[in-house]
Amino acid sequence: MAGRDVSEGPVKITKATIEGAWRRRSPETRLIVRDSECRGLALVVSPASMVWRFAYRPRGEDTHTGRRFPMQSVTIGGPATHTPDEARTAANRIKGQAAAGMDPAAEKKAAAEAERKRRALTMGRLLDLYAAALPTRPKLRGTGLPGARHAREDVARARLAVVAMGGEALPVSTVTPADIRRMLDASAAQASVARHRFGSLSRFLDWCQEAGHLDVNPCALVAKARRPRAVPPRQHFLTVAELAILWRAADVLPEPVWRDVVRFLIAVPCRRGEAAQLDWSHLNLAACEWNQPGRLTKNGEAHRLHLHPLAIELLHARWTTAGRPAAGLVFPSPKTGTALQTFSMMKATLDAAAGVTGWRWHDFRRSFATALAEAGTPEAVADAVLNHKQSATRGEVLGVYQLAERRPEQVKAMAAWGATLAAALAPAGKPKAGGNVVALRAEGAKA
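I will try to describe carefully the structure that is included in this document. (Residues numbered from 1 in each chain as written. Predicted model: local features only at pLDDT ≥ 70, side-chain atom pairs only at ≥ 80, totals over all residues. Heavy atoms only, no water.)

1. A few points about the overall build of the protein
Here is step 1 of the chain: Scanning the protein for helices and strands turns up 17 helices and 8 strands.
Here is step 2 of the chain: Out of the 447 residues in the protein, the part that is buried amounts to 39%.
Here is step 3 of the chain: Taking all contacts inside the protein whose residues are at least 6 apart in sequence as the whole, residues at least 24 apart take part in 61%. (Helix = DSSP H or I, 4+ residues; strand = E, 2+ residues; numbered from the N terminus. Buried < 20%, exposed > 50% of the residue type's maximum accessible area, 1.4 Å probe, protein only. Contact = heavy atoms within 4.5 Å.)

Rendered as C-alpha coordinates:
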(Lines give C-alpha, C1' and ligand atoms only; values in the text may rest on other atoms or scores of the structure.)
Protein backbone atom coordinates (compact mmCIF):
# COMPACT_ATOMS: atom_id res chain seq x y z
CA MET A 1 0.00 0.00 0.00
CA ALA A 2 1.26 3.52 -0.74
CA GLY A 3 1.69 5.80 2.29
CA ARG A 4 3.63 5.63 5.53
CA ASP A 5 3.90 3.22 8.46
CA VAL A 6 3.45 4.42 12.03
CA SER A 7 4.72 2.05 14.71
CA GLU A 8 3.54 2.12 18.35
CA GLY A 9 4.36 0.11 21.49
CA PRO A 10 5.10 -2.35 22.63
CA VAL A 11 1.92 -2.27 24.72
CA LYS A 12 -0.39 -4.92 26.05
CA ILE A 13 -3.03 -5.05 23.37
CA THR A 14 -6.56 -5.26 24.71
CA LYS A 15 -10.03 -4.83 23.30
CA ALA A 16 -9.82 -1.12 24.20
CA THR A 17 -6.48 -0.85 22.39
CA ILE A 18 -8.04 -2.35 19.28
CA GLU A 19 -11.06 -0.01 19.36
CA GLY A 20 -8.82 3.04 19.88
CA ALA A 21 -6.50 2.08 17.05
CA TRP A 22 -9.46 1.64 14.73
CA ARG A 23 -10.78 5.10 15.58
CA ARG A 24 -7.37 6.63 14.87
CA ARG A 25 -6.96 5.07 11.42
CA SER A 26 -6.33 7.54 8.59
CA PRO A 27 -5.95 7.40 4.80
CA GLU A 28 -2.49 6.52 3.41
CA THR A 29 -1.28 5.51 6.86
CA ARG A 30 -0.73 2.03 8.28
CA LEU A 31 -0.65 1.87 12.08
CA ILE A 32 1.37 -0.97 13.59
CA VAL A 33 0.73 -1.61 17.30
CA ARG A 34 3.32 -4.04 18.75
CA ASP A 35 2.25 -6.34 21.58
CA SER A 36 4.32 -6.43 24.76
CA GLU A 37 2.98 -9.84 25.86
CA CYS A 38 4.17 -11.74 22.77
CA ARG A 39 7.27 -10.58 21.04
CA GLY A 40 6.81 -10.41 17.28
CA LEU A 41 3.01 -10.07 17.44
CA ALA A 42 1.47 -6.84 16.17
CA LEU A 43 -1.91 -5.40 15.26
CA VAL A 44 -1.74 -3.84 11.79
CA VAL A 45 -4.43 -1.21 11.19
CA SER A 46 -5.07 -0.06 7.62
CA PRO A 47 -7.72 2.43 6.49
CA ALA A 48 -10.12 -0.44 5.67
CA SER A 49 -9.02 -3.42 7.78
CA MET A 50 -7.19 -4.77 10.83
CA VAL A 51 -5.12 -7.97 11.00
CA TRP A 52 -2.85 -9.76 13.44
CA ARG A 53 0.66 -10.28 12.11
CA PHE A 54 3.43 -12.31 13.69
CA ALA A 55 7.06 -11.77 12.65
CA TYR A 56 9.79 -14.32 13.29
CA ARG A 57 13.23 -15.29 12.07
CA PRO A 58 13.59 -18.85 10.75
CA ARG A 59 16.05 -21.01 12.61
CA GLY A 60 19.54 -21.60 11.20
CA GLU A 61 21.75 -19.88 8.67
CA ASP A 62 21.70 -19.50 4.91
CA THR A 63 24.41 -21.87 3.64
CA HIS A 64 25.17 -19.54 0.73
CA THR A 65 25.66 -16.32 2.71
CA GLY A 66 26.54 -17.69 6.14
CA ARG A 67 24.00 -15.31 7.66
CA ARG A 68 20.76 -15.89 9.46
CA PHE A 69 17.64 -16.04 7.38
CA PRO A 70 15.70 -12.76 7.01
CA MET A 71 12.61 -12.04 9.03
CA GLN A 72 9.36 -13.62 7.89
CA SER A 73 5.81 -12.72 8.80
CA VAL A 74 2.54 -14.62 8.93
CA THR A 75 -0.96 -13.17 8.99
CA ILE A 76 -2.94 -14.90 11.72
CA GLY A 77 -6.36 -13.35 11.20
CA GLY A 78 -8.09 -10.24 12.53
CA PRO A 79 -9.76 -9.08 15.74
CA ALA A 80 -13.02 -10.40 14.33
CA THR A 81 -11.62 -13.96 14.30
CA HIS A 82 -9.02 -13.83 17.10
CA THR A 83 -9.13 -12.09 20.48
CA PRO A 84 -5.78 -10.77 21.76
CA ASP A 85 -5.25 -13.94 23.79
CA GLU A 86 -6.16 -16.18 20.88
CA ALA A 87 -3.78 -14.24 18.65
CA ARG A 88 -0.97 -14.72 21.20
CA THR A 89 -1.70 -18.45 21.37
CA ALA A 90 -1.52 -18.73 17.59
CA ALA A 91 1.69 -16.66 17.50
CA ASN A 92 3.35 -18.85 20.15
CA ARG A 93 2.42 -21.94 18.15
CA ILE A 94 4.12 -20.46 15.08
CA LYS A 95 7.09 -19.49 17.23
CA GLY A 96 7.42 -23.12 18.34
CA GLN A 97 7.30 -24.33 14.77
CA ALA A 98 10.05 -21.90 13.79
CA ALA A 99 12.16 -23.02 16.75
CA ALA A 100 11.79 -26.60 15.53
CA GLY A 101 13.32 -25.63 12.18
CA MET A 102 10.09 -25.12 10.23
CA ASP A 103 9.24 -22.09 8.14
CA PRO A 104 5.50 -21.47 8.66
CA ALA A 105 5.36 -18.46 6.33
CA ALA A 106 6.90 -20.38 3.43
CA GLU A 107 4.67 -23.37 4.10
CA LYS A 108 1.56 -21.20 4.22
CA LYS A 109 2.55 -19.54 0.96
CA ALA A 110 3.20 -22.91 -0.67
CA ALA A 111 -0.14 -24.24 0.57
CA ALA A 112 -1.93 -21.18 -0.80
CA GLU A 113 -0.19 -21.61 -4.17
CA ALA A 114 -1.10 -25.30 -4.25
CA GLU A 115 -4.72 -24.44 -3.49
CA ARG A 116 -4.71 -21.80 -6.22
CA LYS A 117 -3.40 -24.34 -8.74
CA ARG A 118 -5.88 -26.92 -7.54
CA ARG A 119 -8.79 -24.58 -8.14
CA ALA A 120 -7.39 -23.51 -11.50
CA LEU A 121 -6.95 -27.10 -12.76
CA THR A 122 -10.60 -27.79 -13.39
CA MET A 123 -11.82 -30.66 -15.52
CA GLY A 124 -13.00 -28.25 -18.21
CA ARG A 125 -9.63 -26.49 -18.53
CA LEU A 126 -7.66 -29.72 -18.47
CA LEU A 127 -9.85 -31.19 -21.20
CA ASP A 128 -8.73 -28.35 -23.47
CA LEU A 129 -5.10 -29.23 -22.75
CA TYR A 130 -5.84 -32.93 -23.24
CA ALA A 131 -7.42 -32.23 -26.63
CA ALA A 132 -4.18 -30.57 -27.74
CA ALA A 133 -1.99 -33.33 -26.28
CA LEU A 134 -3.90 -36.44 -27.37
CA PRO A 135 -2.87 -36.40 -31.08
CA THR A 136 0.79 -36.67 -29.96
CA ARG A 137 0.14 -39.25 -27.22
CA PRO A 138 1.15 -42.81 -28.27
CA LYS A 139 -1.64 -45.36 -28.35
CA LEU A 140 -2.11 -47.48 -25.25
CA ARG A 141 -2.56 -50.52 -27.50
CA GLY A 142 -0.76 -51.08 -30.74
CA THR A 143 1.77 -48.64 -32.10
CA GLY A 144 1.82 -45.14 -33.51
CA LEU A 145 -0.36 -42.17 -32.74
CA PRO A 146 -4.16 -41.92 -32.71
CA GLY A 147 -5.79 -40.57 -35.83
CA ALA A 148 -7.24 -37.06 -35.81
CA ARG A 149 -10.80 -38.34 -36.00
CA HIS A 150 -10.29 -40.85 -33.18
CA ALA A 151 -8.72 -38.15 -31.00
CA ARG A 152 -11.66 -35.78 -31.60
CA GLU A 153 -14.21 -38.47 -30.81
CA ASP A 154 -12.37 -39.59 -27.67
CA VAL A 155 -12.15 -36.05 -26.31
CA ALA A 156 -15.81 -35.42 -27.21
CA ARG A 157 -16.90 -38.51 -25.24
CA ALA A 158 -14.75 -37.44 -22.28
CA ARG A 159 -16.41 -34.01 -22.34
CA LEU A 160 -19.87 -35.57 -22.37
CA ALA A 161 -18.87 -37.72 -19.40
CA VAL A 162 -17.65 -34.66 -17.49
CA VAL A 163 -20.86 -32.79 -18.28
CA ALA A 164 -22.94 -35.78 -17.12
CA MET A 165 -21.16 -35.77 -13.76
CA GLY A 166 -21.41 -31.98 -13.44
CA GLY A 167 -17.65 -31.68 -13.25
CA GLU A 168 -16.68 -28.94 -15.71
CA ALA A 169 -15.76 -26.50 -12.92
CA LEU A 170 -14.61 -29.24 -10.54
CA PRO A 171 -10.87 -29.32 -9.66
CA VAL A 172 -9.61 -32.61 -11.07
CA SER A 173 -7.86 -33.48 -7.81
CA THR A 174 -11.21 -33.53 -6.01
CA VAL A 175 -12.93 -36.02 -8.34
CA THR A 176 -14.08 -39.12 -6.47
CA PRO A 177 -15.49 -42.52 -7.48
CA ALA A 178 -18.91 -41.14 -6.44
CA ASP A 179 -18.61 -38.54 -9.22
CA ILE A 180 -17.80 -41.30 -11.72
CA ARG A 181 -20.76 -43.37 -10.57
CA ARG A 182 -23.03 -40.34 -11.01
CA MET A 183 -21.90 -40.12 -14.63
CA LEU A 184 -22.54 -43.84 -15.14
CA ASP A 185 -26.01 -43.57 -13.60
CA ALA A 186 -26.85 -40.74 -16.02
CA SER A 187 -26.25 -43.01 -19.02
CA ALA A 188 -27.26 -46.34 -17.45
CA ALA A 189 -30.03 -46.84 -20.02
CA GLN A 190 -27.47 -46.80 -22.85
CA ALA A 191 -24.91 -49.51 -22.09
CA SER A 192 -22.72 -48.77 -25.11
CA VAL A 193 -22.72 -45.02 -24.43
CA ALA A 194 -21.85 -45.57 -20.77
CA ARG A 195 -18.95 -47.86 -21.65
CA HIS A 196 -17.52 -45.51 -24.28
CA ARG A 197 -17.77 -42.52 -21.97
CA PHE A 198 -16.23 -44.40 -19.07
CA GLY A 199 -13.32 -45.50 -21.25
CA SER A 200 -12.71 -42.01 -22.66
CA LEU A 201 -12.97 -40.41 -19.22
CA SER A 202 -10.56 -42.98 -17.76
CA ARG A 203 -8.00 -42.28 -20.50
CA PHE A 204 -8.33 -38.55 -19.85
CA LEU A 205 -7.80 -39.06 -16.10
CA ASP A 206 -4.82 -41.33 -16.84
CA TRP A 207 -3.29 -38.40 -18.70
CA CYS A 208 -4.06 -36.11 -15.74
CA GLN A 209 -2.33 -38.57 -13.42
CA GLU A 210 0.74 -38.78 -15.65
CA ALA A 211 0.87 -34.97 -15.76
CA GLY A 212 0.85 -34.85 -11.94
CA HIS A 213 -2.57 -33.23 -11.57
CA LEU A 214 -3.96 -36.04 -9.41
CA ASP A 215 -2.52 -38.99 -7.51
CA VAL A 216 -4.89 -41.78 -8.55
CA ASN A 217 -7.30 -42.18 -11.45
CA PRO A 218 -10.69 -42.36 -9.69
CA CYS A 219 -12.05 -44.57 -12.48
CA ALA A 220 -9.70 -47.28 -11.22
CA LEU A 221 -11.36 -47.03 -7.80
CA VAL A 222 -14.86 -47.74 -9.11
CA ALA A 223 -15.84 -51.27 -8.14
CA LYS A 224 -15.81 -53.66 -11.10
CA ALA A 225 -19.45 -54.50 -10.43
CA ARG A 226 -20.36 -50.84 -11.02
CA ARG A 227 -18.38 -50.43 -14.23
CA PRO A 228 -20.28 -50.67 -17.54
CA ARG A 229 -20.06 -54.11 -19.05
CA ALA A 230 -18.91 -54.82 -22.55
CA VAL A 231 -21.69 -54.76 -25.12
CA PRO A 232 -22.20 -58.23 -26.67
CA PRO A 233 -20.23 -58.46 -29.92
CA ARG A 234 -22.21 -57.63 -33.04
CA GLN A 235 -23.03 -60.73 -35.08
CA HIS A 236 -24.86 -59.23 -38.05
CA PHE A 237 -23.59 -59.96 -41.54
CA LEU A 238 -24.91 -59.62 -45.08
CA THR A 239 -25.43 -62.40 -47.59
CA VAL A 240 -23.68 -62.15 -50.93
CA ALA A 241 -27.07 -61.43 -52.50
CA GLU A 242 -27.58 -58.45 -50.16
CA LEU A 243 -24.09 -57.19 -50.95
CA ALA A 244 -24.94 -57.39 -54.65
CA ILE A 245 -28.06 -55.29 -54.03
CA LEU A 246 -25.97 -52.61 -52.25
CA TRP A 247 -23.39 -52.75 -55.05
CA ARG A 248 -26.04 -51.97 -57.65
CA ALA A 249 -27.71 -49.36 -55.43
CA ALA A 250 -24.42 -47.44 -55.32
CA ASP A 251 -25.31 -46.16 -58.80
CA VAL A 252 -27.74 -43.70 -57.17
CA LEU A 253 -25.03 -41.98 -55.14
CA PRO A 254 -24.50 -38.42 -56.41
CA GLU A 255 -20.70 -38.59 -56.47
CA PRO A 256 -18.69 -41.16 -58.47
CA VAL A 257 -16.14 -41.41 -55.67
CA TRP A 258 -18.92 -42.37 -53.23
CA ARG A 259 -20.07 -45.11 -55.59
CA ASP A 260 -16.54 -46.43 -56.02
CA VAL A 261 -15.61 -46.46 -52.34
CA VAL A 262 -18.81 -48.32 -51.46
CA ARG A 263 -18.06 -50.97 -54.07
CA PHE A 264 -14.43 -51.15 -52.97
CA LEU A 265 -15.48 -51.81 -49.36
CA ILE A 266 -17.74 -54.62 -50.56
CA ALA A 267 -15.01 -56.09 -52.77
CA VAL A 268 -12.11 -55.74 -50.34
CA PRO A 269 -12.59 -56.58 -46.63
CA CYS A 270 -10.77 -53.55 -45.26
CA ARG A 271 -11.84 -51.00 -42.67
CA ARG A 272 -13.53 -47.87 -43.99
CA GLY A 273 -10.79 -45.69 -42.52
CA GLU A 274 -8.18 -47.72 -44.40
CA ALA A 275 -10.11 -47.23 -47.65
CA ALA A 276 -10.44 -43.49 -46.97
CA GLN A 277 -6.65 -43.24 -46.47
CA LEU A 278 -5.75 -45.49 -49.42
CA ASP A 279 -3.02 -43.85 -51.51
CA TRP A 280 -1.99 -44.70 -55.06
CA SER A 281 1.57 -45.18 -53.81
CA HIS A 282 0.35 -48.13 -51.72
CA LEU A 283 -0.99 -50.00 -54.76
CA ASN A 284 0.71 -52.22 -57.30
CA LEU A 285 -2.04 -52.79 -59.82
CA ALA A 286 0.17 -54.91 -62.07
CA ALA A 287 0.92 -57.30 -59.19
CA CYS A 288 -2.65 -57.05 -57.85
CA GLU A 289 -1.41 -56.00 -54.41
CA TRP A 290 -2.23 -53.39 -51.80
CA ASN A 291 0.63 -52.80 -49.40
CA GLN A 292 -0.79 -51.10 -46.29
CA PRO A 293 1.79 -49.24 -44.17
CA GLY A 294 1.64 -49.99 -40.45
CA ARG A 295 0.85 -46.39 -39.55
CA LEU A 296 -2.54 -46.74 -41.29
CA THR A 297 -3.65 -50.12 -39.90
CA LYS A 298 -5.50 -50.69 -36.64
CA ASN A 299 -2.90 -53.03 -35.17
CA GLY A 300 0.04 -50.96 -36.37
CA GLU A 301 1.40 -53.78 -38.53
CA ALA A 302 2.05 -53.51 -42.26
CA HIS A 303 -0.30 -55.67 -44.33
CA ARG A 304 -0.15 -57.03 -47.87
CA LEU A 305 -3.55 -57.69 -49.42
CA HIS A 306 -4.21 -59.50 -52.70
CA LEU A 307 -6.66 -57.72 -55.01
CA HIS A 308 -8.98 -59.88 -57.09
CA PRO A 309 -10.07 -58.88 -60.66
CA LEU A 310 -13.25 -57.12 -59.52
CA ALA A 311 -11.27 -54.80 -57.23
CA ILE A 312 -8.53 -54.30 -59.84
CA GLU A 313 -11.11 -53.36 -62.46
CA LEU A 314 -12.59 -50.72 -60.14
CA LEU A 315 -9.19 -49.30 -59.15
CA HIS A 316 -7.84 -49.28 -62.70
CA ALA A 317 -10.85 -47.28 -63.89
CA ARG A 318 -10.30 -44.70 -61.16
CA TRP A 319 -6.58 -44.56 -61.87
CA THR A 320 -7.16 -43.93 -65.56
CA THR A 321 -9.80 -41.28 -64.88
CA ALA A 322 -7.47 -39.54 -62.38
CA GLY A 323 -4.67 -39.32 -64.96
CA ARG A 324 -2.65 -42.32 -63.77
CA PRO A 325 -1.16 -40.64 -60.67
CA ALA A 326 1.78 -42.11 -58.76
CA ALA A 327 0.54 -40.83 -55.42
CA GLY A 328 -2.47 -39.19 -53.81
CA LEU A 329 -5.70 -40.39 -52.28
CA VAL A 330 -7.59 -42.98 -54.29
CA PHE A 331 -10.96 -41.88 -52.87
CA PRO A 332 -10.62 -38.15 -52.13
CA SER A 333 -13.51 -36.00 -51.01
CA PRO A 334 -15.03 -34.40 -54.12
CA LYS A 335 -15.16 -30.99 -52.40
CA THR A 336 -12.03 -30.78 -50.24
CA GLY A 337 -9.73 -33.37 -51.77
CA THR A 338 -9.05 -34.77 -48.28
CA ALA A 339 -10.00 -38.18 -46.91
CA LEU A 340 -13.72 -38.98 -47.13
CA GLN A 341 -15.79 -38.28 -44.00
CA THR A 342 -19.29 -38.70 -45.46
CA PHE A 343 -19.92 -42.39 -44.73
CA SER A 344 -23.10 -41.71 -42.74
CA MET A 345 -24.56 -39.73 -45.63
CA MET A 346 -23.61 -42.43 -48.10
CA LYS A 347 -25.21 -45.14 -45.97
CA ALA A 348 -28.47 -43.22 -45.59
CA THR A 349 -28.73 -42.88 -49.37
CA LEU A 350 -27.93 -46.56 -49.89
CA ASP A 351 -30.53 -47.65 -47.31
CA ALA A 352 -33.23 -45.69 -49.09
CA ALA A 353 -32.27 -46.94 -52.54
CA ALA A 354 -31.53 -50.59 -51.74
CA GLY A 355 -34.08 -51.36 -49.05
CA VAL A 356 -31.35 -53.19 -47.14
CA THR A 357 -31.14 -51.74 -43.63
CA GLY A 358 -29.73 -52.58 -40.22
CA TRP A 359 -26.19 -52.97 -41.51
CA ARG A 360 -22.96 -51.14 -40.73
CA TRP A 361 -19.83 -50.66 -42.79
CA HIS A 362 -17.90 -53.06 -40.59
CA ASP A 363 -20.47 -55.77 -41.39
CA PHE A 364 -18.84 -56.09 -44.82
CA ARG A 365 -15.74 -57.57 -43.14
CA ARG A 366 -17.90 -59.90 -41.08
CA SER A 367 -19.76 -60.96 -44.23
CA PHE A 368 -16.46 -61.81 -45.92
CA ALA A 369 -15.24 -63.88 -42.95
CA THR A 370 -18.58 -65.68 -42.63
CA ALA A 371 -18.70 -66.58 -46.30
CA LEU A 372 -15.14 -67.93 -46.15
CA ALA A 373 -15.93 -70.02 -43.10
CA GLU A 374 -19.05 -71.45 -44.77
CA ALA A 375 -16.87 -72.49 -47.72
CA GLY A 376 -14.38 -74.24 -45.44
CA THR A 377 -11.60 -71.65 -45.43
CA PRO A 378 -9.53 -71.98 -42.20
CA GLU A 379 -10.25 -69.21 -39.68
CA ALA A 380 -6.53 -68.39 -39.45
CA VAL A 381 -6.52 -67.56 -43.17
CA ALA A 382 -9.54 -65.26 -42.80
CA ASP A 383 -7.86 -63.58 -39.83
CA ALA A 384 -4.73 -63.06 -41.92
CA VAL A 385 -6.71 -61.46 -44.75
CA LEU A 386 -8.53 -59.20 -42.27
CA ASN A 387 -5.17 -58.28 -40.67
CA HIS A 388 -6.29 -59.28 -37.20
CA LYS A 389 -3.48 -59.37 -34.67
CA GLN A 390 -2.60 -63.03 -34.31
CA SER A 391 -2.02 -62.88 -30.56
CA ALA A 392 -5.59 -61.59 -30.19
CA THR A 393 -7.31 -64.19 -32.37
CA ARG A 394 -5.19 -67.26 -31.62
CA GLY A 395 -5.13 -68.48 -28.04
CA GLU A 396 -2.17 -68.96 -25.72
CA VAL A 397 0.97 -70.51 -27.27
CA LEU A 398 -0.45 -70.56 -30.80
CA GLY A 399 -0.95 -66.81 -30.73
CA VAL A 400 2.65 -66.24 -29.70
CA TYR A 401 4.48 -68.69 -31.97
CA GLN A 402 2.26 -69.10 -35.05
CA LEU A 403 3.14 -66.05 -37.13
CA ALA A 404 2.88 -67.48 -40.65
CA GLU A 405 1.12 -65.25 -43.20
CA ARG A 406 -0.15 -68.24 -45.24
CA ARG A 407 0.18 -66.06 -48.30
CA PRO A 408 -0.90 -68.58 -50.98
CA GLU A 409 -4.08 -69.34 -49.03
CA GLN A 410 -4.81 -65.63 -48.62
CA VAL A 411 -4.54 -65.13 -52.37
CA LYS A 412 -6.82 -68.10 -52.99
CA ALA A 413 -9.39 -66.84 -50.46
CA MET A 414 -9.47 -63.35 -51.99
CA ALA A 415 -9.76 -64.78 -55.49
CA ALA A 416 -12.70 -66.94 -54.41
CA TRP A 417 -14.37 -63.94 -52.76
CA GLY A 418 -13.99 -61.88 -55.92
CA ALA A 419 -15.37 -64.69 -58.05
CA THR A 420 -18.36 -65.05 -55.74
CA LEU A 421 -19.18 -61.35 -55.92
CA ALA A 422 -18.74 -61.35 -59.70
CA ALA A 423 -21.12 -64.29 -59.99
CA ALA A 424 -23.72 -62.54 -57.83
CA LEU A 425 -23.44 -59.40 -59.96
CA ALA A 426 -23.57 -61.16 -63.32
CA PRO A 427 -26.81 -61.11 -65.35
CA ALA A 428 -28.95 -64.20 -64.93
CA GLY A 429 -27.53 -67.15 -66.84
CA LYS A 430 -24.14 -65.51 -67.35
CA PRO A 431 -21.91 -66.33 -64.34
CA LYS A 432 -18.58 -64.49 -64.21
CA ALA A 433 -16.67 -66.69 -61.79
CA GLY A 434 -14.62 -68.20 -64.61
CA GLY A 435 -11.15 -69.66 -64.60
CA ASN A 436 -10.08 -72.27 -62.08
CA VAL A 437 -11.47 -70.30 -59.14
CA VAL A 438 -14.44 -71.84 -57.37
CA ALA A 439 -16.95 -69.28 -56.15
CA LEU A 440 -18.22 -69.39 -52.60
CA ARG A 441 -21.89 -69.96 -51.92
CA ALA A 442 -23.88 -66.88 -52.84
CA GLU A 443 -26.41 -67.39 -50.06
CA GLY A 444 -25.97 -68.21 -46.44
CA ALA A 445 -28.20 -68.48 -43.39
CA LYS A 446 -27.74 -65.74 -40.85
CA ALA A 447 -27.04 -66.56 -37.22
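2. A closer look at the side chain of Asn-217
Here is step 1 of the chain: The topology assignment puts Asn-217 in the loop between helix H7 (191-210) and helix H8 (240-249).
Here is step 2 of the chain: Reaching out from Asn-217, the side chain makes a polar contact with the backbone nitrogen of Cys-219 at a distance of 2.9 Å.
Here is step 3 of the chain: Beyond its immediate stretch of four places on either side in the chain, Asn-217 contacts Ser-202, Leu-205, Asp-206 and Gln-209. (Polar contact = N/O pair within 3.5 Å; in protein donor to acceptor, adjacent residues only side chain to side chain.)

3. Details of the sheet that holds strand E6 (residues 283-284)
Here is step 1 of the chain: With antiparallel pairing, the 3 strands of this open sheet are ordered in space as E6-E7-E8. Both edges of this open sheet fall to E6 and strand E8 (303-306), since each of them pairs with a single strand only.
Here is step 2 of the chain: The pairing of E6 with strand E7 (residues 289-292) spans 2 bridges and is antiparallel. In the sheet register, Asn-284 faces E7, and the bridge partner there is Glu-289. (Pairing = 2+ DSSP bridges.)

4. Considering the pairing of strand E3 (residues 41-45)
Here is step 1 of the chain: Among the 5 residues of E3, 5 are classified as buried, and the element is accordingly described as predominantly covered.
Here is step 2 of the chain: Burial along E3 is two-sided: Leu-41, Leu-43 and Val-45 facing one way and Ala-42 and Val-44 facing the other are all buried.
Here is step 3 of the chain: As paired elements, strand E2 (residues 29-35) and E3 share 4 bridges and run antiparallel to each other. Bridging from a neighbouring strand, Leu-31 pairs with Val-45 of E3.
Here is step 4 of the chain: Two successive antiparallel strands, E2 and E3, enclose a turn made up of 5 residues, where Gly-40 displays a positive phi of approximately 100°.
Here is step 5 of the chain: Bridge analysis of E3 against strand E4 (residues 50-56) gives 5 bridges, and the strand direction is antiparallel. From the neighbouring strand, Ala-42 faces E4, where its bridge partner is Arg-53.
Here is step 6 of the chain: In sequence, E3 turns back onto E4 through a hairpin of 4 residues.

5. Points about the environment of Ala-48
Here is step 1 of the chain: If you trace the backbone, Ala-48 turns up in the loop between E3 and E4.
Here is step 2 of the chain: Sequence separation between Ala-48 and Pro-27 is 21 residues; the distance between their C-alpha atoms is 8.9 Å.

6. With respect to the pattern of salt bridges
Here is step 1 of the chain: Inspection of the entire model under this criterion finds 17 salt bridges.
Here is step 2 of the chain: Note that Arg-30 is salt-bridged to Asp-5, the shortest N-O span being 2.8 Å. Residue Arg-30 is found in strand E2, and its partner Asp-5 is found in strand E1 (residues 4-11); the two are separated by 25 residues along the sequence.
Here is step 3 of the chain: Taking relative accessible area as the criterion, Arg-30 reaches 26% and is therefore assigned partly exposed.
Here is step 4 of the chain: Judged by relative accessible area, which is 47%, Asp-5 ranks as partly exposed.
Here is step 5 of the chain: As a salt-bridge pair, Arg-88 and Asp-85 come within 2.8 Å of each other at their nearest N and O atoms. Of this pair, Arg-88 and Asp-85 both sit in helix H2 (residues 84-99), separated by 3 residues, roughly a single helical turn. (Salt bridge = Lys/Arg side-chain N within 4 Å of Asp/Glu carboxyl O.)

7. Here's the deal with the nonpolar core
In a soluble, globular protein the nonpolar side chains are often hidden away together inside.
Here is step 1 of the chain: With 55 residues, the main nonpolar core has Phe-264, Leu-315 and Phe-331 as its most contacted residues.
Here is step 2 of the chain: At the level of elements, H8, helix H9 (256-267), helix H10 (272-276), helix H11 (309-321), helix H12 (343-354), helix H13 (363-374), helix H14 (379-386) and helix H17 (407-425) are the ones that each hand at least two residues to this core.
Here is step 3 of the chain: The greatest single-element share of this core, amounting to 8 residues, is contributed by H9.
Here is step 4 of the chain: Here Leu-315 is in contact with Phe-264, Leu-278, Trp-280, Leu-283, Leu-285, Leu-307, Val-330 and Phe-331, once residues within four sequence places are set aside.
Here is step 5 of the chain: Core analysis: the second largest hydrophobic core is formed by 26 residues, Leu-134, Val-162, Cys-208 and Leu-214 among them. (Core = buried A, V, L, I, M, F, W, Y, C linked by side-chain atoms within 4.5 Å.)

8. A word on the sheet that holds E1
Here is step 1 of the chain: On the basis of which strands lie adjacent, the open sheet formed by 5 strands has the order E1-E2-E3-E4-E5 and mixed pairing. What marks the edges here is a single partner per strand, and that holds for E1 and strand E5 (72-77). Direction aside, the axes of adjacent strands within the sheet are offset by 30° on average.
Here is step 2 of the chain: Each of E2, E3, E4 and E5 touches H2; the most contacted strand, E4, lies at about 25° to it. (Axes fitted to C-alpha atoms, helices over the stretch in contact; angles between N-to-C directions.)

9. A look at the packing of H13 against H14
Here is step 1 of the chain: H14 packs onto H13 with a crossing angle of 155° between their chain directions and a minimal axis gap of 10 Å. On the basis of their axis angle, the class for H13 and H14 is roughly antiparallel. For the element pair H13 and H14, the recorded crossing hand is right-handed. Of H14, the residues touching H13 (which contributes Arg-365, Phe-368, Ala-369 and Leu-372) are Ala-382, Val-385 and Leu-386.
Here is step 2 of the chain: When grouped by side-chain class, the residues that make up the contact of H13 with H14 number 6 nonpolar, no polar and 1 charged. (Parallel < 35°, antiparallel > 145°, perpendicular 65-115°, else oblique. Left-handed = near helix turned anticlockwise from the far one by under 90°. Nonpolar A, V, L, I, M, F, W, Y, C, P; charged D, E, K, R; others polar.)

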